[in-house]
Amino acid sequence: MTPSIRNKLEQLLERREELMALLADPKLQTDIGRFKAFSQELAQIDPIAACFQNYRTLEQSLHDTNELLNDPELHEIAQNEITHLKQQQEQLEPQLERLLIPPDLNDKSNIYLEIRAGTGGAEAALFAGDLHRMYLRYAELQGWQVEVVSANEAEHGGYKEVISRIIGSNVYARLKFESGAHRVQRIPTTEAQGRIHTSACTVAILPEVKDINNITISKEELRIDTYRSSGAGGQHVNKTDSAVRITHLTSGIVVECQEERSQHKNRAKAMSLLQSRLLAHAREQQASEQANTRRLQVGTGDRSERIRTYNFPQNRLTDHRINLTLYQLDEVMQGQIDGILNSLAREHEMEQLALLAQQVS
């Protein structure tokens, strides 16, 4: 543990004691605003302070046990105890560091998963379909629920564009680093000479906006069109203008939904997606400004960035942001992506800790 991070932890421990004293003061009970603010602050720092207190207790135990090493009769017992205490310390340090990292308020959010075929024509569309199935299988393994919001199927299979809503526990936390350009190298079924072709798709992970008050949209900024759904639905598709397309005139963002039979439900889903895109757009602008002074996350998340390559002839996957290479592409395409996601999360944690160390030093 670096001295600067330890100093930060010491300050948090002192602040917890100060807050507990303030909240115990009967005079504060009448000031609802301050009482609520102090209570929220205490709830935020208490897990970190409690963990650090345990860490300091281990340190004191180590110090006391080290003094027993000079006693020949207790030397072996003390040595075993020291080994045990050091193991506990080693387990507690990364836990402390993770607790220090500022939480991402969107981590518990549901998401919109957007996949679009890029360069490569029909092969890119097929790959978009493969990626969509990969994420859906991963969602199934996690016990998440998936709703397809809109799908523009390609002529030879796959998708030109497909947008899904994924609902579950910590969906954004697990998938937030998947945004970017995904490249595929493989031999298309239509390739007579066996040549490897390179295609690409873009993936965007957007946290669902829970509080619609976060995004203010005036009616004058919207153009709402209805049309007949082109997907499944039998005779209903041909009779009812249930599909909804919403254009945000100010930004030019267009969203649509045609999966529900109810125009009201399609409109609600399209508005939710629009809010998420507008919020993501605002965050991208902010991140672009901040990127001149520091790097905030693993990769930039920019959709034009090639973040990963899927090489089918070699059964190889490479994530270019963290130099991770796996020869398990067949398993990955079946939704076995925890290893990749965990590696990305660890890299992100290390960068956040390095940034924290700079801030407190």
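Everything discussed here concerns the structure shown above.
Values in this document were obtained by computation on a predicted structure and should not be read as measured data.

Here is what the cut-offs are and how they apply
- Residues numbered from 1 in each chain as written.
- Predicted model: local features only at pLDDT ≥ 70, side-chain atom pairs only at ≥ 80, totals over all residues.
- Heavy atoms only, no water.
- Helix = DSSP H or I, 4+ residues; strand = E, 2+ residues; numbered from the N terminus.
- Buried < 20%, exposed > 50% of the residue type's maximum accessible area, 1.4 Å probe, protein only.
- Contact = heavy atoms within 4.5 Å.
- Areas by Shrake-Rupley, 256 points an atom, 1.4 Å probe, with all protein chains shown as cover.
- Pairing = 2+ DSSP bridges.
- Axes fitted to C-alpha atoms, helices over the stretch in contact; angles between N-to-C directions.
- Core = buried A, V, L, I, M, F, W, Y, C linked by side-chain atoms within 4.5 Å.
- Salt bridge = Lys/Arg side-chain N within 4 Å of Asp/Glu carboxyl O.
- Expected span 1.5 Å × (residues − 1).

## Quick word on the overall build of the protein chain
Moving on, step 1. The secondary structure content of the protein chain amounts to 9 helices and 11 strands.
Moving on, step 2. Counting only residues that meet the buried cut, the protein chain has 40% of its 361 residues in that class.
Moving on, step 3. Counting only contacts in the protein chain whose residues sit at least 6 apart along the sequence, the fraction spanning at least 24 positions is 62%.
Moving on, step 4. Carbon and sulfur atoms make up 48% of the accessible area of the protein chain, which totals about 20200 Å².

## What about the sheet that holds strand β4 (residues 180-186)?
Moving on, step 1. Taken together, the 8 strands give an open sheet; going across it, the order is β2-β3-β1-β5-β4-β9-β10-β11, and neighbouring strands pair in mixed fashion. Taken across any chain shown, the strands that pair with only one partner, and hence form the sheet edges, are β2 (145-153) and β11 (324-326). Ignoring which end each strand starts from, the neighbouring axes of this sheet average 15° apart.
Moving on, step 2. Taken together, the 8 bridges between β2 and strand β3 (residues 159-167) define a ladder with antiparallel strand orientation. Bridge pairing links Q145 to I167 in β3.

## Here we look at the nonpolar core
Moving on, step 1. Grouped together as the largest cluster of nonpolar side chains are 33 residues, with contacts concentrated most on L131, Y135, L175, Y310 and I337.
Moving on, step 2. Broken down by secondary-structure element, the contributors of at least two residues to this core are β1 (111-117), α4 (122-142), β3, α5 (171-175), β5 (197-207), α8 (329-332) and α9 (338-360).
Moving on, step 3. With 7 residues, α4 is the single largest residue contributor to this core.
Moving on, step 4. For Y135, the contacting residues outside a window of four places in its chain are L113, I115, L175, E178, H182, V203, R308 and I337.
Moving on, step 5. Counting 25 residues, the second-largest nonpolar core is a separate cluster that includes L42, C51, L85 and L96.

## Thoughts on the sheet that holds strand β8 (residues 253-257)
Moving on, step 1. The 3 strands lie next to each other as β6-β7-β8, forming an open sheet whose pairing is antiparallel. For this open sheet the edge positions go to β6 (222-227) and β8, each flanked by a neighbour on one side alone. On average, each strand axis in the sheet is tilted by 15° relative to the strand beside it, whichever way the strands run.
Moving on, step 2. The sheet contact formed by β6 and strand β7 (residues 243-248) spans 6 bridges and is antiparallel. Bridge pairing links Y227 to A243 in β7.

## What to know about the pattern of salt bridges
Moving on, step 1. Under the definition given, this model contains 23 salt bridges.
Moving on, step 2. Residues R116 and E114 are paired through a salt bridge, measuring 2.9 Å at the closest nitrogen-oxygen approach.
Moving on, step 3. When its relative accessible area of 19% is taken as the criterion, R116 is described as buried.
Moving on, step 4. According to the relative accessible area criterion, E114 is buried, its value standing at 1%.
Moving on, step 5. When the shortest N-O distance is used, the salt bridge between R165 and E147 registers 3.3 Å. With R165 in strand β3 and E147 in strand β2, this pair connects stretches of sequence that are 18 residues apart. As far as burial versus exposure is concerned, R165 and E147 are alike and both buried.

## Digging into the environment of H75
Moving on, step 1. One can find H75 in helix α3 (residues 75-100).
Moving on, step 2. Using a relative accessible area of 37% as the deciding quantity, one classes H75 as partly exposed.
Moving on, step 3. Each C-alpha atom, one on H75 and one on T65, is 9.5 Å from the other, the two residues being 10 residues apart in sequence.

## Details of α4
The α-helix advances 3.6 residues per turn, and as a result positions three or four apart in sequence lie on the same side.
Moving on, step 1. Given a rise of 1.5 Å per residue, 21 residues ought to cover 30 Å, and the 31 Å separating the end C-alpha atoms of α4 matches this to within 8%.
Moving on, step 2. Among the residues trailing α4, G143 stands out with phi positive, at a value near 80°.

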